[in-house]
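Remarks on the overall topology
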Amino acid sequence: MPLSRSELSHRFAQRRASPRLVALHRALSRLKSTITVLHTGAHPDDEQNAMLAFMRFGLGMRTIIGCSTRGEGGQNTLGPERSGALGVVRTRELEEAAQVIDADVVWFGFGPSDPVHDFGFSKNGHDTLERWQHDLIVERMVLAYRSEKPDIVIPTFLDVPGQHGHHRAMTMAAEEAIALAADDSAFPEHFAQGLAPWTVTKYYLPAWSGGGSTYDDEVPPPAETVKFVAADTDFATGVPFDEIGEWSRLYHASQGMGRWPENPQTEWPLHLRVGPADSGAIIDNLPSCLADIAPGLAPADAAISKAIAAFPNIDEVVAPLALALEIIEAQLDAIPAEHVHRIETMIADLEAAMLATTGVDCVAALDRPLVSQGQAIDLTLTLRGVPDDVAIDLILPDGVSIIAQSPGRYTLEVAPDAPITEPFTQSFSASGANGDACVILTLAIAGRSISRAFGLERPLTIVPAASVSLSPRAVLVATGVPFSDVSVEARIEGAASHLSLSHADGVEFAPTKEGFNLSSAGLPAGRYTLDALLDEAPAFTASAIDYAHIGKNVFLAPARMDILALDLALPKDRRVGYVGGGADNVSLWLKRMGFEVTELDALALSEDLSGFPAIVVGIFAFGLRPDLAASTTALHAYVEAGGNLVTLYHRPWDGWTPDVVPPRFLKIGQPSLRWRVTNPQAPVEIVAANNRVLAGPNPITTRDFDGWNKERGLYFAAEWDEAYTPLLSMSDKGESALAGALLTAEIGKGRHTHTSLVLHHQLDHLVPGAFRIMANLVAGGRM
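Predicted, not measured: the structure shown is a model, and the values here were computed from it.

Right, let's talk about the sheet that holds strand 2 (residues 62-67) for a bit. Strand order in the open sheet formed by eight strands is 6-7-5-4-1-2-3-14, and the pairing between neighbours is mixed. Of all strands in the sheet, those with a lone pairing partner are strand 6 (226-229) and strand 14 (427-428), marking the two edges. Seen against the sheet, helix 6 (residues 134-148) touches strand 1 (36-41), strand 2, strand 3 (104-107) and strand 4 (152-155) and runs at an angle of roughly 160° to strand 1.

Let us now look at the environment of Ser305. Within the secondary structure, Ser305 is located in helix 10 (residues 298-310). Measuring from C-alpha to C-alpha, the distance between Ser305 and Ala324 comes to 9.9 Å, with 19 residues separating the pair along the chain.

This paragraph deals with the nonpolar core. If you look at the biggest cluster of nonpolar residues, it comprises 77 residues, and the most contacted ones within it are Leu590, Phe595, Ile615, Leu728, Phe771 and Met774. Looking at which element gives the most residues to this core, the answer is helix 20 (residues 768-779), with seven residues. Look past the residues within four positions of Leu728 in its chain and what remains in contact with it is Val684, Glu685, Ile686, Val687, Phe705, Leu738, Ala739, Leu742 and Leu757. Core analysis: the next-biggest nonpolar cluster, separate from the first, contains 57 residues, Ala294, Leu412, Leu441 and Ile462 among them.

So, on to the state of the cysteines. What the rule picks out here adds up to zero disulfides. Left unpaired, Cys362 is separated from the closest cysteine sulfur, that of Cys438, by 9.8 Å.

Attention now goes to the side chain of Asn644. Residue placement: Asn644 occurs in strand 32 (residues 644-647). In terms of polar contacts, Asn644 uses its side chain to reach the backbone carbonyl oxygen of Leu777, at 2.9 Å. Other than its neighbours up to four places away in sequence, Asn644 contacts Pro613, Ala614, Ile615, Tyr638, Arg751, Leu777, Val778, Ala779, Gly780 and Arg782.

Our focus in this paragraph is the packing of helix 13 (residues 586-593) against helix 20. Where helix 13 meets helix 20, the closest approach of the two axes is 11 Å, and the angle between their N-to-C directions is 90°. Considering their axes alone, helix 13 and helix 20 lie roughly perpendicular with respect to each other. Where helix 13 approaches helix 20, its residues Val586, Trp589, Leu590 and Met593 are matched on the opposing element by Phe771, Met774, Ala775 and Val778.

Further remarks concern the pairing of strand 2. Counting buried positions along strand 2 yields five of six residues, so the element is predominantly enclosed. Taken together, the six bridges between strand 1 and strand 2 define a ladder with parallel strand orientation. Opposite Thr36, over in strand 2, you have Arg62 as the bridge partner. For the crossover that starts at strand 1, traverses helix 3 (residues 49-58) and ends in the parallel strand 2, the hand is right-handed.

Thresholds applied
- Residues numbered from 1 in each chain as written.
- Predicted model: local features only at pLDDT ≥ 70, side-chain atom pairs only at ≥ 80, totals over all residues.
- Heavy atoms only, no water.
- Pairing = 2+ DSSP bridges.
- Helix = DSSP H or I, 4+ residues; strand = E, 2+ residues; numbered from the N terminus.
- Contact = heavy atoms within 4.5 Å.
- Axes fitted to C-alpha atoms, helices over the stretch in contact; angles between N-to-C directions.
- Core = buried A, V, L, I, M, F, W, Y, C linked by side-chain atoms within 4.5 Å.
- Buried < 20%, exposed > 50% of the residue type's maximum accessible area, 1.4 Å probe, protein only.
- Disulfide = S-S within 2.5 Å.
- Polar contact = N/O pair within 3.5 Å; in protein donor to acceptor, adjacent residues only side chain to side chain.
- Parallel < 35°, antiparallel > 145°, perpendicular 65-115°, else oblique.
- Right-handed = clockwise from strand over helix to strand, strands pointing away.

If you want it as structure tokens, here you go:
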């Protein structure tokens, strides 16, 4: 089967990024140091990519990114993925970003169902550790210290007021875990896994502020005690390490990361918090070369230096590498126990460098990225530069076997009961094979038998034999009103013969040709969940995730149908124009509420807008829609002539120019930590209850803020024209009240309302009050 354009582009991009000589130099650079650095953070994209690029490529250190969450509680500027699906996106983004800078990854949190997950913004480290189960996150970090054996640990952010609570929690946990990792009485269950206590020699804090557009460190950073200085550019590519860091950060596309470094950063100051004092270099008091481990290994250092100096003359590289291996193997009995791991890593890296000199090339690709239980899939193996006597071994996960084989092609069969692939793995190796399947090549080089595992181009992902997609997944009904016409389409993928639903009081289920029909004599207010069953077993919905930078992935979630019964009044004229940027589902919910929604494209925005009593602008849209940004004059005229414009929350950099975008001056506050309320249950005061926007068609009270999820809102307005009236006041505990969550202004004959409440998120989570508030914003005081 020929590759799709996107898969072909991905393959060529990967190969262009690592031509033979660059790959060889990268392999040789690993031999320059025996030091391991662990860089800890809370979310994918927290890492200091440029610094890691310099440490790995410039200094030869082994680098590891330790991340506590999958970022599933964050935003997504690419598409509709939220929660677990967003966690899959951001997990893959960090893996691809780490690949660019040759960093390994260890995870301390395993997805949204794990206690250690991204539950949204936090302002307090202690509260975050409590939510994560303090002992659990610390134990996982101790396990990482003992298994990965870092000499140096560097957290990404400081534990200071004004910083994200998740960041603060990770810095606190990283330091606490140091003493426990060295304590032979702490977490003794690790020793049954073959691990031993490990002493992290140095713990550095960043000697720079973590402030900016989002955070606002209240205290200055600690004093610099040592500094990384990248005096030269990367030898293999000739570009600054800061640019390589941005190559890496570009993969965090869901967060809008990646920039052109006009003035590349070349220095990273650090503050030594734990460990022996430096004498001017970060490698002080550390075994940075083989001779520091055992004096008899000094000749191996010399041989490695000779091999590196010979680059790019490949023929002159192999012999000194082979000599270094011989010297090391002759000295194995002299290696102190605490350094055996360094020698094992060095041997593996020397063999990898020798393999890189041969130009051996292996591409193992499946004919599709996903395979269901009980199905077959083809794997194509393309080998170049390998000798005729190469040994090829295909390693497969449980439940997968080879049923047919021909030169360069394998047909694999997945058993009906093969384990489903877990999307949230616990680690990632930049230089090794990832996933449950790989190809191992064994060949002779300079008289040695060397084996290397090559991962599949895209990992083998096994999904359930059958899944079901329900559309819609949630419906709104009026409280106490009978209904019999709620039709749900059920699309079954795979082998299943019978679909049913679990029982919910007051709801009747009747199968139809397309799916099923729901009816009721009337439901009390509340949420009713019906789980889908396939052949009487709990069913899953497989959500496809397909982006060029991370490839095709899938997120499995329990298949279920939700019914929300609520009291909801709508204005008489229900026409709405919606301008979305693809970052929310508000248009969908407006339709389900009963509004007549028209999606406004560039052409529609350039035409007469007066036919819409209300126009709603989705989150981030001014930053995502150039046609919308070009239509501000028309929108202002629309409001002046009597239209009702509603803008949902935007960040300052989303094209929101305070005196240009809104009809009257309205400035969004930053850093966002100062202009958000993170507690979803924070008390809300209604300060303008008689304002027409709150008065109807649904009388809004504080009860409409019950049961909110994740947070109240963010990027609140900080300053505004006197035409605007603030309708609400709220704050997190111990902080001053914020009035910029919901502002409305009568302008000319019309109205502009701007809200920083996360209504889009509350609608997705079926919070009743969010629907009532949204209906009122669209009504704009009209009944």
